[in-house]
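# Inside the fold
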Amino acid sequence: MKVGLFIPCYINSVFPQVGVASYKLLKSLGVEVDYPLNQTCCGQPMANAGFEHESVELAKHFDELFKDYDYIVGPSASCVAFVRDHYGKLLAGETHRCASEGRIYDICEFIHDQIRPTELKASFPHKVSIQNSCHGVRLLHLSSPSEMNIPYYNKLRDLLSLVKDIEIVEPERPDECCGFGGMFAVEEHEVSGRMGRDKVQRHIDTGAEYIVGADSSCLMHQNGIISRDHLPIKTIHIVEILAAGL
């Protein structure tokens, strides 16, 4: 399989270590992975703000850039969900049919469902609390949503359980929103901040040293609260743990 690595713009700018860890992790699992240059924003911020028309050219560029790969894999559940669920609509009526939406995966989803590793080389001797982000839970099905009467599952926990020396916990209300929500955090910042402080406190209550998740945007929101209030916990993207030691 030939994989095109999609690194969202905010990860490239703010969390480049997540992109590097993603590349190293996929390579260590035997994946033929390439990082196509000239990547741009996928268009999610504009569309979420009500300006979908401003996302069309970005969607066309993305679709052309990744057209020759068997899979497109990225370390951001929200950006992956945007491409998968909205590019078909954005490109409807364009001269070419959208080819990206059926081939794009969140990196945890891809590793869990397609590669299915039974062991990893990583070791992380710390207690971590899982951040189940809204897009990951309800659009990409990375874990079971609490409002559904279905058996529990969590793909992040499954992958973390392959890491040596780690202790894994989940907070009370494990899939409640942290309050980020993209433009919501800007337009309703007081509500967003209150939700974030509540979420961080529930992670702290587990006794964890780290909050670990698959969406850097949610971790960024919570890390801002942690830094501002000098709270005794850190944030880390799951690929940084899975790639530890590589």
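For the structure, check the block above.
The structure contained in this document is the topic of the report that follows. (Residues numbered from 1 in each chain as written. Predicted model: local features only at pLDDT ≥ 70, side-chain atom pairs only at ≥ 80, totals over all residues. Heavy atoms only, no water.)

### Some points on the overall build of the protein
Helix and strand content of the protein: twelve helices and eight strands. In summary, the protein has a C-alpha radius of gyration of 18 Å against a globular reference of 18 Å for 246 residues, a match within 12%. Principal axes of the C-alpha set define a box for the protein whose edges measure 55 × 45 × 40 Å. Residue burial in the protein is summarised as follows: out of 246 residues, 51% are buried. A separation threshold of at least 6 residues defines the contact pool for the protein, and within that pool the share at least 24 residues apart is 76%. Carbon and sulfur atoms make up 51% of the accessible area of the protein, which amounts to about 11600 Å² in all. Taken as two groups, the 23 positive and 33 negative side-chain charges of the protein have centres that lie 3 Å from each other. (Helix = DSSP H or I, 4+ residues; strand = E, 2+ residues; numbered from the N terminus. Rg over C-alpha atoms; globule rule 2.2 N^0.38 Å. Buried < 20%, exposed > 50% of the residue type's maximum accessible area, 1.4 Å probe, protein only. Contact = heavy atoms within 4.5 Å. Areas by Shrake-Rupley, 256 points an atom, 1.4 Å probe, with all protein chains shown as cover. Lys, Arg positive; Asp, Glu negative; His and termini not counted. Charge placed at Lys NZ, Arg CZ, Asp CG, Glu CD.)

### Things to note about the pairing of strand β1 (residues 2–5)
Judged from the three bridges that link them, β1 and strand β2 (residues 32–34) form a sheet pairing that is parallel. Across the sheet, G4 pairs through a bridge with D34, a residue of β2. Examined bridge by bridge, β1 and strand β3 (residues 71–74) share three bridges and lie parallel to one another. Each bridged residue has a counterpart across the sheet, and for G4 the counterpart in β3 is I72. (Pairing = 2+ DSSP bridges.)

### Re the pairing of strand β8 (residues 234–237)
For strand β7 (residues 210–213) and β8, the ladder comprises four bridges, and the chain directions are parallel. Bridge pairing links I211 to T235 in β8. Read as a crossover between parallel neighbours, the route from β7 over helix α11 (residues 216–229) to β8 is right-handed. (Right-handed = clockwise from strand over helix to strand, strands pointing away.)

### Notes on the nonpolar core
Within the largest apolar cluster, 63 residues are counted, with the highest numbers of intra-cluster contacts made by L26, Y87, V128, L160, I238 and I241. It is helix α5 (residues 77–90) that provides the largest number of residues to this core, a total of eight residues. Residue contacts for I241: discarding those within four places in its chain leaves A122, F124, V128, L160, V163, I166, V212 and I236. Membership of the second largest hydrophobic core comes to nine residues, among which are A208, I211, L219 and I233. (Core = buried A, V, L, I, M, F, W, Y, C linked by side-chain atoms within 4.5 Å.)

### A look at the environment of P117
Residue placement: P117 occurs in the loop between α6 (107–115) and β5 (127–131). A relative accessible area of 19% places P117 in the buried class. Put simply, P117 and H221 are 104 residues apart on the chain and 31 Å apart in space, counted from C-alpha to C-alpha. The contact partners of P117, leaving out residues within four places of it in the chain, are L29, I111, L159 and L162.

### Describing the pattern of salt bridges
Tallying each qualifying case throughout the model produces twelve salt bridges. Linking E109 and R84 is a salt bridge whose minimum nitrogen-to-oxygen distance equals 2.9 Å. In this pair, E109 is assigned in helix α6 and R84 in helix α5, connecting sequence segments 25 residues apart. Across the pair E176 and R202 runs a salt bridge, and its minimum N-O distance is 2.3 Å. Of this pair, E176 sits in the loop between β6 (167–169) and α9 (183–187) while R202 sits in helix α10 (residues 189–205), placing them 26 residues apart in sequence. The class of E176 is partly exposed, set by a relative accessible area of 28%. Taken together, the salt bridges that share partners define one network made up of R138, E147 and D175. (Salt bridge = Lys/Arg side-chain N within 4 Å of Asp/Glu carboxyl O.)

### Looking at the sheet that holds β6
The sheet built from four strands is open, its strands ordered β6-β5-β7-β8 with parallel pairing. Every other strand in the sheet has two partners, leaving β6 and β8 as the edge strands with one partner each. Between one strand axis and the next, the sheet turns by 35° as a mean value, whatever way the strands run. Where α11 meets the sheet, it contacts β5, β7 and β8, and its direction lies at approximately 165° from that of β8. (Axes fitted to C-alpha atoms, helices over the stretch in contact; angles between N-to-C directions.)

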